[in-house]
Amino acid sequence: VRKQICKSFEINLCDEGDEIRAGEIIGDIESCKLFDIIAPVSGTVVRVNDSLLENKEELLDVSRECWLCELSQVAYTRPLMSEAEYNDCIKKILD
């Protein structure tokens, strides 16, 4: 997805205290395209990466890992995807 984002983009994220359900949109990236950010798990947002909102370029830096938000009371409704499954899913979305 990082390769699909234009140099000029905006990030919108959920707010602290939000109750999130797996499969819901928790934010988006507005670029040449609009990319929804989907929650893989359910929980309560306890912290949002405000640094990422102020320094958007961190999202594009493949040498760094970045996080979007931290959840408490996490509940899995189904098993998470493996890395290979995730990469296949992203490839289908972008094709």
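The shown structure was predicted, so the numbers you read here are calculated from the model rather than taken from an experiment. (Residues numbered from 1 in each chain as written. Predicted model: local features only at pLDDT ≥ 70, side-chain atom pairs only at ≥ 80, totals over all residues. Heavy atoms only, no water.)

Negative charge collects at one region of the surface, where Asp15, Glu16, Asp50 and Glu54 lie side by side. With respect to the secondary-structure elements, glutamate 54 resides in helix H1 (residues 50-54). (Patch = residues over 30% accessible without salt bridge, like charges linked within 9 Å, V, L, I, M, F, W, Y side chains within 5 Å. Areas by Shrake-Rupley, 256 points an atom, 1.4 Å probe, with all protein chains shown as cover. Salt bridge = Lys/Arg side-chain N within 4 Å of Asp/Glu carboxyl O. Lys, Arg positive; Asp, Glu negative; His and termini not counted. Charge placed at Lys NZ, Arg CZ, Asp CG, Glu CD. Helix = DSSP H or I, 4+ residues; strand = E, 2+ residues; numbered from the N terminus.)

Bringing the side chain of threonine 44 into the picture now. Take threonine 44: it is sitting in strand E5 (residues 42-48). Overall, threonine 44 belongs to the buried group, its relative accessible area being 12%. Here glutamate 19 takes part through its side chain, which lies 3.0 Å from a polar atom of the side chain of threonine 44. Residues contacting threonine 44, with those up to four places away along its chain left out, are Gly17, Asp18, Glu19, Glu70, Leu71, Ser72 and Gln73. (Buried < 20%, exposed > 50% of the residue type's maximum accessible area, 1.4 Å probe, protein only. Polar contact = N/O pair within 3.5 Å; in protein donor to acceptor, adjacent residues only side chain to side chain. Contact = heavy atoms within 4.5 Å.)

As a further point, take the sheet that holds E5. The sheet built from three strands is open, its strands ordered E2-E5-E6 with antiparallel pairing. In this open sheet, the two strands that pair with only one neighbour each are strand E2 (19-20) and strand E6 (69-75). (Pairing = 2+ DSSP bridges.)

Structurally, glutamate 58 can be placed in the loop between H1 and E6. One polar contact links glutamate 58 to serine 51, side chain to side chain, over a distance of 3.4 Å. If we ignore the near neighbours within four places in the chain, the residues touching glutamate 58 are Ser51, Leu52, Arg64 and Cys66.

By the alternation rule, side chains of strand E1 (residues 10-13) split into Ile11 and Leu13, which are all buried, and Glu10 and Asn12, of which none is buried. Pairing of E1 with strand E3 (residues 25-30) involves four bridges; the strand directions are antiparallel. Counterpart to isoleucine 11 in the pairing with E3 is isoleucine 29.

On to the sheet that holds E1, then. The strand order across the open sheet built from three strands is E1-E3-E4, with neighbouring strands paired in antiparallel fashion. Lying at the two open borders of the sheet, with one neighbouring strand each, are E1 and strand E4 (34-38). Each strand axis lies, on average, 15° off the axis of its neighbour in the sheet, ignoring direction. (Axes fitted to C-alpha atoms, helices over the stretch in contact; angles between N-to-C directions.)

Such coordinate-based values are descriptive only and should not be taken to indicate function.
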